[in-house]
Amino acid sequence: MENILVFFLPACRDESVIDFAELGSSSSSSATSAIVLTHAIKIDNPNGPGPVLELFSEMTLAARKGSMGIIVRYLLMLAAVSFLAVATALPSQYSDFKLEDYNFTDVITRDVCIVGGGSTGTYAAIRLLDLRKSVVVVEHKDRLGGHTQTYTDPQTGHTVEIGVMEFHNLDIVKNYFKRFNIPLVLANSSSPGVTSYVDLRTGKEVAGYVPPDPTEALVRYAAQLTKYPYLETGFNLTYPVPEDLLLPFGDFVTKYSLQGLVQLLNDYAQGFGDFLKHSTLYVFKLLGSDVIRDFQIGFLTTARHDNSELYEKATAELGQDVLLKSYIVAMDRDAAGAYAKVVVKTPDGLKLILARKIILTIPPKLQNLVGWDLSSNESSLFSQFRNSAYYTSLLRHTGIPDNISVVNVAADTPYNLPVLPGVYQINTTTVPGLHAVLFGSDQWLPDAQVQADIISTISRLGTAGTLPTTTPYFAIFSSHTPYELTVPAKAIKNGFYKELYGLQGQRRTYYTGAAFHTHDSSLLWQFTETLLPLVVA
Ligand SMILES: Cc1cc2nc3c(=O)[nH]c(=O)nc-3n(C[C@H](O)[C@H](O)[C@H](O)COP(=O)(O)OP(=O)(O)OC[C@H]3O[C@@H](n4cnc5c(N)ncnc54)[C@H](O)[C@@H]3O)c2cc1C
């Protein structure tokens, strides 16, 4: 069984993550769980996500096509959850934490171990260094930055952001960039060229479609938002949770006549899946008063059009304090003495980290926490998270003229919202012959399936005679999955976030990142800043 832990689970640690709960509720036979186990044992490539992810996705998709008995569903859910529990709970070959098993140079002693080197992990690391604390960052990709990703066109040298683009006009943002000598400018929010509104299911233009003016609805929305100032700093809810926060956002829209805002939100909440079904709480968290203010005064972006410069400079400054392409394989946060013990698999072999404190910044989905010594309370909380899926890419040779962007609006859905999974937008870039394509889904999909869907979507534009198209290819493709983490309204009502925040500081562990506040880098830096006094205490 150790082989499962060692080989299979790292394989799942791809950006594309399987939702076990979803799998459990949508697969067709308990026999498939046996296949999963058998298949898992056969995996021998620790870096390769391939066959296991493919198998899961095939099973999930096949199951969705047919009906299934409720007993079978529960059996499978049980099997999948038991498998995960076994895999996370089994003592691994790494969990004896004996110092003598490690070379002197493979033992890393630090004040703080930060797990995840994206927006919040990098911010925490740099700020802790400034506060004269020693840190180590464990990041499973080959770079820092997380959802920030900048593509450099090899021919022109132009850069195109395929992740985080803009930041708030706040001192914390200006100071952070200034620290790395990265100049900021006001972002230009107007999209260049011509926008075509197309139902991308058919490839046909939606005749006469004009996006609604959101101004009046935004005023009504802001009036509601001001009732909940405590949402600006986190999920600091009052109890009982106000019913409006628990309403599906679609119902909230009707209740307060916010119809004019929905298309704007469709743009701003890209990656959230069907946001009309989410509790209003999550929309308020995303479209908060800081965002509304910056709609008016403007957002900031990097003057050199390279948001990744922040992370490259942070990587250089952190030097050996960053472990890239690395992941946790065992952990003992309750170890006697001054330090938690964390065993990390790195390209240079195993390292034993002795850390006084740990900051988790990664999406806390159970399958992302393999190797963690989760308590039953932690497991029970994290297992409740569902996630949406978000994919970004740059395509060459689409045939679409360089000055034309395409926005997906459905001809026959409420508010003309696009049907997901599907392409949100095909955008112009500053590079000739290169279009940016954004794709969303309510759940994880295999990269290959998303790519095939994107290619056929573009082809439909040509077949329908809407735009000239050719067969494109991907200059870059990136999965930002799992993206938005949510729990059902009932869980929110029953105190989920009170319990989640109750974990803060327990077992030498502190928590930040989007699941603990919102998908917004600037606001996450603010949130992380409030955590630092607790971490350095
Ligand atoms: C396409 C896109 C555009 C966006 N645009 C904007 C924008 O313009 N402005 C804005 O403010 N926000 C934007 N956001 C949202 C913003 O990027 C996120 O809110 C922010 O990055 C979240 O920070 P984080 O630290 O929680 O996660 P991330 O930045 O994703 O960092 C998490 C890190 O943890 C790593 N990781 C994951 N699992 C593990 C593991 N098991 N072990 C080790 N490492 C792991 C990941 O590789 C990643 O580096 C955008 C997001 C996307 C996807």
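Residues numbered from 1 in each chain as written. Predicted model: local features only at pLDDT ≥ 70, side-chain atom pairs only at ≥ 80, totals over all residues.

Draft legend 1. Looking closely at the overall build of the chain. Assigned secondary structure in the chain consists of 19 helices and 20 strands. The buried share of the chain, reckoned over its 537 residues, is 44%. Intrachain contacts of the chain at a sequence separation of at least 6 include 76% that bridge at least 24 residues. (Helix = DSSP H or I, 4+ residues; strand = E, 2+ residues; numbered from the N terminus. Buried ≥ 20, exposed ≤ 12 C-beta atoms within 10 Å, placed from the backbone. Contact = placed C-beta atoms within 7 Å.)

Draft legend 2. Focus on the pairing of strand S17 (residues 434-441). Within S17, seven of the eight residues are buried, which leaves it mostly tucked inside the rest of the structure. Across eight bridges, strand S14 (residues 389-396) lies against S17 in antiparallel orientation. If you follow Tyr390 over to S17, its bridge partner there is Gly440. Pairing analysis gives six bridges linking strand S16 (residues 422-428) to S17, with the strands arranged antiparallel. Each residue of the ladder has a partner; that of Gln425, found in S17, is Leu438. Hairpin remark: S16 followed by S17, antiparallel, with five residues in the connecting loop; positive phi at Gly433, about 80°. (Pairing = 2+ DSSP bridges.)

Draft legend 3. Spatial organisation of the site of the ligand. Taken together, 34 residues are adjacent to the ligand, and Gly116, Gly118, Gly146, His147 and Gly513 come closest. Among the secondary structure elements, those contributing two or more residues to the shell around the ligand are helix H6 (119-130), S14 and helix H19 (521-536). Each of domain 2 (99-146 + 305-385 + 486-536) and domain 3 (190-295 + 389-481) contributes no fewer than three residues to the shell around the ligand. (Near = placed C-beta within 6 Å. Domains from an automatic or database assignment.)

Draft legend 4. Seen up close, unusual backbone geometry. Cis geometry marks the peptide bond from Leu420 to Pro421, where omega comes out at -5°. Looking at the element boundaries, Pro421 is found in the loop between strand S15 (404-408) and S16. Cis peptide bonds are those with omega within 30 degrees of zero, and the linkage from Thr481 to Pro482 qualifies with 0°. With respect to the element layout, Pro482 can be found in the loop between strand S18 (473-479) and strand S19 (485-486). With a phi close to 60°, Arg508 is a non-glycine residue in the positive phi region. Topologically, Arg508 is positioned in the loop between helix H18 (496-502) and strand S20 (509-511).

Draft legend 5. Layout of the sheet that holds S16. Strand order in the open sheet formed by seven strands is S7-S6-S15-S16-S17-S14-S18, and the pairing between neighbours is mixed. Sheet topology places strand S7 (204-205) and S18 at the edges, where each strand pairs with a single neighbour. The pairing of S15 with S16 spans two bridges and is classified as antiparallel. Along S16, the bridge assignment pairs Val407 with Gln425. The sheet contacts of helix H16 (residues 447-463) involve strand S6 (194-199), S14, S15, S16, S17 and S18, and relative to S18 the element is tilted by about 135°. (Axes fitted to C-alpha atoms, helices over the stretch in contact; angles between N-to-C directions.)

Draft legend 6. Structural context of the environment of Leu128. Tracing the backbone through its elements, the reader meets Leu128 in helix H6. Owing to 23 C-beta atoms within 10 Å, Leu128 belongs among the buried residues under this scheme. Once the C-alpha coordinates of Leu128 and Asp111 are considered, the two residues, 17 residues apart in sequence, prove to be 9.3 Å apart. Once you skip the residues sitting within four places of it in the chain, Leu128 turns out to touch Val112, Lys133, Val135 and Val535.

Draft legend 7. Structural detail: the confidence of the model for the chain. Mean pLDDT over the chain stands at 86; residues scoring 70 or higher make up 83%. The low-confidence segment residues 1-78, where pLDDT is below 50, has 116 contacts with residues more than four positions distant or belonging to other chains. pLDDT under 50 marks residues 81-91. Its contacts with residues more than four places away, or in other chains, come to 18 contacts. (pLDDT = per-residue confidence, 0-100.)

Draft legend 8. Examining the environment of Ala491 more closely. If you trace the backbone, Ala491 turns up in helix H17 (residues 489-493). It is 8.3 Å that separates the C-alpha atoms of Ala491 and Gln384, two residues lying 107 residues apart in sequence. Not counting the four nearest positions on each side in its chain, Ala491 is found in contact with Gln384 and Phe496.

Draft legend 9. Representation of H16 within the structure. Taking 1.5 Å per residue, 17 residues should reach 24 Å; H16 reaches 24 Å between its end C-alpha atoms and fits that length. Considered for burial, the residues of H16 that qualify are Asp447, Val450, Ile454, Thr457, Ile458 and Leu461. When H16 is viewed along its axis, its buried side chains cluster within an angular range of 90° and face the same direction. H16 presents Ala452 and Ser456 as exposed residues on the side facing more than 90 degrees away from its buried surface. Contacts from the buried residues of H16 go to S6, S14, S15, S16, S17 and S18. Directly beyond the C-terminal end of H16, a positive phi value near 75° is found at Gly465. (Expected span 1.5 Å × (residues − 1). Arc of directions from axis to C-beta.)

Draft legend 10. Looking closely at the packing of helix H7 (residues 171-179) against H19. Packing of H7 against H19 leaves a shortest axis separation of 9 Å and a crossing angle of 90°. Between H7 and H19, the angle falls in the class roughly perpendicular. Note on element contacts: H19 touches H7 through Ser522, Trp525, Gln526 and Glu529, opposite Ile172, Val173 and Tyr176. (Parallel < 35°, antiparallel > 145°, perpendicular 65-115°, else oblique.)

Draft legend 11. How the structure looks around the pairing of strand S1 (residues 107-115). Bridge analysis of S1 against strand S12 (residues 349-360) gives eight bridges, and the strand direction is parallel. The partner of Val112 across the bridge, within S12, is Lys357. Both S1 and strand S2 (residues 135-138) contribute to a ladder of four bridges, which runs parallel. Along S2, the bridge assignment pairs Val112 with Val135.

Draft legend 12. Representation of the packing of H6 against H19 in the model. In the contact formed by H6 and H19, the axes pass within 9 Å of each other and the chain directions differ by 45°. Classed by the angle they form, the pair H6 and H19 counts as oblique. Crossing of H6 against H19: the hand is right-handed. Note on element contacts: H19 touches H6 through Ser521, Leu524, Trp525, Thr528, Glu529, Leu532 and Val535, opposite Ser119, Thr120, Tyr123, Ala124, Arg127 and Leu128. Residues of the contact of H6 with H19, tallied by class, amount to seven nonpolar, four polar and two charged. (Left-handed = near helix turned anticlockwise from the far one by under 90°. Nonpolar A, V, L, I, M, F, W, Y, C, P; charged D, E, K, R; others polar.)

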